[in-house]
Amino acid sequence: MSIILLAFSPLAYAQRSDTYNMWFQYLLSAKLTDKSTLTALSQYRSFDLAYDTRLFLVSAYVDYEVADDVRPALGAMFLTLNSYKADGGKRTRYEKDPFSKSV
């Protein structure tokens, strides 16, 4: 069985060699007071090094501890999403959303 797998291993490709994907993410968490925290996240994804942007995201929120293990939060998000249409052209969509969550 091992000989068969070794024979077919040069035919198996995990990625094409002529394209490169990139994904960067940065997460920041800073304590503002004893009960509140600022959290910020940014993401950048591209295809073919940095020339073909797919996604850019920035979000931030502030949470406040109202009781033990209860931390509601308010924040905002900005997203640029680039996707391909059926004809090969790109479609760019922008989103700007406020949000709240319970942590």
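In case you missed it, the structure is sitting above this.
A quick note: this is a predicted structure, and the numbers were derived from the prediction, not measured. (Residues numbered from 1 in each chain as written. Predicted model: local features only at pLDDT ≥ 70, side-chain atom pairs only at ≥ 80, totals over all residues. Heavy atoms only, no water.)

Here's the deal with the overall build of the protein chain
Step number 1: Scanning the protein chain for helices and strands turns up one helix and five strands.
Step number 2: Ordered by position from N to C terminus, the α and β elements of the protein chain give α-β-β-β-β-β.
Step number 3: The proportion of buried residues among the 103 residues of the protein chain is 19%.
Step number 4: Restricting the contact set of the protein chain to residue pairs at least 6 apart, pairs at least 24 apart contribute 33%.
Step number 5: When the accessible surface of the protein chain is split by element, carbon and sulfur atoms take 61% of a total near 8100 Å². (Helix = DSSP H or I, 4+ residues; strand = E, 2+ residues; numbered from the N terminus. Buried < 20%, exposed > 50% of the residue type's maximum accessible area, 1.4 Å probe, protein only. Contact = heavy atoms within 4.5 Å. Areas by Shrake-Rupley, 256 points an atom, 1.4 Å probe, with all protein chains shown as cover.)

What about the packing of aromatic side chains?
Step number 1: Counted according to the given criterion, the structure contains one aromatic pair.
Step number 2: Ring plane angle 70° and centroid distance 6.1 Å describe the contact between Tyr61 and Phe99, whose orientation is recorded as edge-to-face. Placement of the pair is Tyr61 in strand β3 (residues 52-64) and Phe99 in strand β5 (residues 90-102), with a sequence separation of 38 residues.
Step number 3: For Phe99, a relative accessible area of 27% puts it in the partly exposed group. (Phe/Tyr/Trp six-rings, centres within 6.5 Å; stacked < 30°, edge-to-face > 60°.)

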